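# Inside the fold
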Amino acid sequence: MEFDTALRTTEFDAFYTFNPARLMRATRDFVEGFPGSVLYAVKANPLPQVISSVRAAGVAGFDVASIAEALLVQAEAPGARSWFMNPAKSRRDIERAWRELGLRDFVVDCAAELDKLLEVLPTGEPSLRVHVRFHSGASDALYDLNSKFGASHEETLRLLQRIAAQTAWSSGLAFHPGSQTISIEPYLTAMQTAARLIERADARVASLDIGGGFPARYDNMPMPPPAALLQRLGEFVASCATLKRVELLCEPGRVLAYDCMSLFARVILRKDRALYCGAGIFGGLLPAQQFFQLPVRAWRGGEPIDDATAGGQREFVVFGPTCDSNDRLAFPYALPEHLREGDWIEFQHVGAYSESVRCAFNGFSVDHLVTLDAHEAG
Ligand SMILES: *Cc1c(COP(=O)(O)O)cnc(C)c1O
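Numbering of residues begins from 1 in every chain and follows the order in which that chain's sequence is written. Restriction of local features to residues with pLDDT of at least 70 applies here, the model being predicted, together with a cutoff of 80 or more for giving and counting side-chain atom pairs; totals for whole chains, interfaces and linings are based on all residues. Side-chain numbers come from the whole structure's heavy atoms, not from hydrogens or water.

Space inside and on the surface of the protein is sampled on a 1 Å grid over the protein atoms alone, with a cavity defined as a set of points where a 1.4 Å probe fits but cannot get out and a pocket as an open set with protein on both sides within 12 Å along at least 5 of 7 lines; lining residues have an atom within 4 Å of a point. Grid points are joined across faces, edges and corners, and a volume is the space filled by probe spheres set on the points. Counted as a void, the second largest pocket has a volume near 360 Å³. Along the walls of the second largest pocket sit 18 residues, with Ala26, Asp29, Pro225, Pro226 and Tyr258 positioned nearest its centre. Comment: elements are numbered from the N terminus, with helices defined as DSSP H or I runs of at least four residues and strands as E runs of at least two. The set of elements that each furnish at least two residues to the lining of the second largest pocket consists of α2 (20-33), α9 (227-238) and α11 (254-257). Here the element with the most residues in the lining of the second largest pocket is α2; it accounts for 6 residues. When its residues are assigned to classes, the lining of the second largest pocket shows 12 nonpolar, 1 polar and 5 charged. Put simply, Ala, Val, Leu, Ile, Met, Phe, Trp, Tyr, Cys and Pro go in the nonpolar bin, Asp, Glu, Lys and Arg in the charged bin, and everything else, Gly too, in the polar bin.

In these notes, residues near a molecule or strand are those with any non-hydrogen atom within 4 Å of it. Close contacts around the ligand come from 14 residues, with Lys43, Ser179, Gly213, Glu251 and Tyr353 the closest. In the analysis that follows, any N or O atom pair within 3.5 Å is treated as a polar contact, provided that within protein one partner can donate a hydrogen and the other can accept it, and provided that, for residues neighboring in sequence, both atoms belong to side chains. Contact distances for the ligand include 2.8 Å between an oxygen atom and a backbone N or O atom of Gly213. One of the backbone nitrogen or oxygen atoms of Gly253 is found 2.9 Å away from an oxygen atom of the ligand. For the area figures, the Shrake-Rupley method with a 1.4 Å probe applies, and any residue is considered shielded solely by the protein chains shown. Bound to the protein, the ligand loses 91% of the 390 Å² it would expose on its own. In the shell around the ligand, the residues fall into 4 nonpolar, 5 polar and 5 charged.

Before going further, it helps to examine unusual backbone geometry. Here the phi dihedral of Tyr353 falls at roughly 55 degrees; this positive angle occurs in a residue that is not glycine. Summarising the element assignment, Tyr353 is placed in the loop between β16 (344-347) and β17 (369-371). Using a relative accessible area of 17% as the deciding quantity, one classes Tyr353 as buried. Positive phi, normally seen in glycine, also occurs at Asn362, with a value near 65 degrees. If you trace the backbone, Asn362 turns up in the loop between β16 and β17. Residue burial is assigned from relative accessible area. The probe radius is 1.4 Å, only protein chains are included, and a residue is buried under 20% of its type maximum, exposed over 50%, and partly exposed in between. For Asn362, a relative accessible area of 40% translates into the label partly exposed.

This part covers the pattern of salt bridges. Only one rule defines a salt bridge in this text: a Lys or Arg side-chain nitrogen within 4 Å of an Asp or Glu carboxyl oxygen. All told, the structure shown has 20 salt bridges when counted by the stated rule. Residues Glu185 and Arg232 are paired through a salt bridge, measuring 3.9 Å at the closest nitrogen-oxygen approach. A residue pair is termed long-range when its members are at least 10 positions apart, and Glu185 in helix α8 (residues 185-200) and Arg232 in helix α9 qualify at 47 residues. A salt bridge links Arg297 to Glu346; the shortest N-O distance between them is 3.0 Å. Residue Arg297 is located in strand β12 (residues 296-300), and its partner Glu346 is located in strand β16; the two are separated by 49 residues in the primary sequence. Residue Glu346 is classed as buried on the basis of its relative accessible area of 5%. Three or more residues joined by partner-sharing salt bridges are found here, namely Lys89, Glu113 and Lys116.

This part takes up the pairing of strand β8 (residues 205-209). Taking burial as the measure, the 5 residues of β8 include 5 buried ones, the bulk of the element. By the convention used here, strands pair only if DSSP detects at least 2 bridges between them. The pairing of strand β7 (residues 170-174) with β8 spans 4 bridges and is parallel. Each bridged residue has a counterpart across the sheet, and for Ala174 the counterpart in β8 is Asp209. Here is how to tell: hold the view so the strands point away, follow the path from the first strand over the helix to the second, and if it runs clockwise the crossover is right-handed. This β-α-β element, β7 to α8 to β8, shows right-handed connectivity. Pairing geometry for β8 and strand β9 (residues 247-250), over 3 bridges, is parallel. Residue pairing across strands places Leu208 opposite Leu248, the latter belonging to β9.

Moving on, we get to the environment of Gly320. Take Gly320: it is sitting in the loop between β14 (313-319) and β15 (333-336). Relative accessible area serves as the criterion here: at 4%, Gly320 is assigned to the buried category. Sequence separation between Gly320 and Asp219 is 101 residues, and the spatial gap between their C-alpha atoms is 20 Å. Residue contacts are counted whenever heavy atoms from the two residues lie within 4.5 Å of one another. With near-sequence residues (within four places) excluded, Gly320 lies in contact with Tyr276, Cys277, Ala279, Gly280 and Asp327.

Another aspect to go through is the UniProt feature "active site" (unreviewed entry) in the protein chain. UniProt positions are given in the numbering used here, feature names are shortened, and annotations may be inferred rather than shown by experiment. The sites that carry the UniProt feature "active site" (unreviewed entry) are, in the present numbering, Cys323. With respect to the element layout, Cys323 can be found in the loop between β14 and β15. Its relative accessible area of 76% is what places Cys323 among the exposed residues.

Axis angles are defined between N-to-C directions and span 0 to 180 degrees, where every axis is a line fitted to C-alpha atoms and, for a helix, only to the segment in contact. For the pair helix α5 (residues 91-99) and helix α6 (residues 111-120), interaxial distance at closest approach is 10 Å and the crossing angle is 45 degrees. Put simply, α5 runs oblique to α6. Relative to α6, α5 is oriented so that their crossing is right-handed. Between α5, through Arg91, Ile94, Glu95 and Arg99, and α6, the contact on the second element is made entirely by Glu113, Lys116, Leu117, Glu119 and Val120. Residue composition of the contact of α5 with α6, grouped by class: 3 nonpolar, no polar and 6 charged. Oblique is the label for any angle not under 35 degrees, not over 145, and not in the 65 to 115 range, which are roughly parallel, roughly antiparallel and roughly perpendicular in turn. The crossing is said to be left-handed when, going from far helix to near helix, the turn is anticlockwise and less than a right angle, and right-handed when the turn is clockwise.

The 8 strands are arranged β2-β3-β4-β5-β6-β7-β8-β9 in a closed barrel whose pairing can be described as parallel. Geometrically, the sheet is characterised by an average inter-axis angle of 30 degrees between neighbouring strands, direction not taken into account.

Only residues above 30% relative accessible area that lack a salt bridge enter a patch, with like-charged residues linked at up to 9 Å and the nonpolar side chains Val, Leu, Ile, Met, Phe, Trp and Tyr linked at up to 5 Å. Note on charges: Lys and Arg go in the positive column, Asp and Glu in the negative column, and His and the chain ends are not counted at all. Here the site of a charge means atom NZ of a Lys, CZ of an Arg, CG of an Asp or CD of a Glu. Together, Glu2, Asp4, Glu303 and Asp373 make up a region of like negative charge exposed at the surface. Of note, Asp4 is situated in helix α1 (residues 3-8).

A separate point is empty space enclosed by the protein. Throughout the structure, instances matching the rule amount to 1 cavity of 30 Å³ or more. If you add up the space inside the largest cavity, you get close to 50 Å³. Lining the largest cavity, in full, are Gly278, Ala279, Gly280, Phe282, Gly283, Pro321, Thr322, Asp327, Phe361, Phe364, Ser365 and Val366. Looking at the lining of the largest cavity, its residues break down into 6 nonpolar, 5 polar and 1 charged.

Written out as structure tokens, the structure is:
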């Protein structure tokens, strides 16, 4: 469907736009700036066209957490390499990942998970690599993932030692500071820890995976582009003899994908300063339920409403279309005073954790996606 047609339709009250050029630019910039290999974290946005775009833009492979994600990569990016970087995997999935999908890269953060790998995978196979995920310490991430995963430093050393003693596999270290980590310090601290662990280990450590978590830009968090952060990472690695010798990997999701999609939601009812829209937190605005204020723009008659002609702005409370009172955005949104039923609100920066977590709760499903071509790309 064309963008203009979608804006003029009366058939539905919400649709997504996808801007492949923007996704590819963000991915290329990140790949160029990162001093190692970049894996795309599929869970941030698993749309087939996202998988193929980031591959075309130069990612080295994909971070997958399930067999379904690995199959998706196989279908949409044939020949691309997937890393199975979920620290809690069923035996069946470990087996299928290796035998049917040919995955060679795994992660563990405890002895029980390593026991499973040792029983299911061929221990004499040197092409296998097992990363040990360690607890990376304090983080300023909005979503701290260290409360769920991560071995202690002593346990990390024991796991590395067991891999070296019992297998022909190579090994690596991994950490993940959490999603939307808003400063560089948690990465540098964890990388310093990784260097100490590598120096203390009774085993050769071939790689360090520093995870994802790189911050995206939202209205309440006006983060700069990641270039400066990546440069500091590069300088840090260059200054550390231990880290210079290992292969460096990262697994960004959000920072690559956030800018490539908008969600257009029609105003279906206005009650004074409350707007009820064609899509809310279940339709893809979950990131705006709590933490993020999304950039917005209003549209009428196929055009953005120009502030100058709109007669000023006011703040609105924004609700989704379902009957759940949680279906409400956390922040007030400044929109044209004259906004009325039938206008569209474009919620920008919904490329990450939106498409991947939305559902059809209460019968409202956002089933239309418009791919923008270069001249619409904005
Ligand atoms: C979620 C996740 C990522 C991606 O995190 P972002 O915050 O989207 O960059 C990367 N690696 C692992 C292991 C994850 O769980």
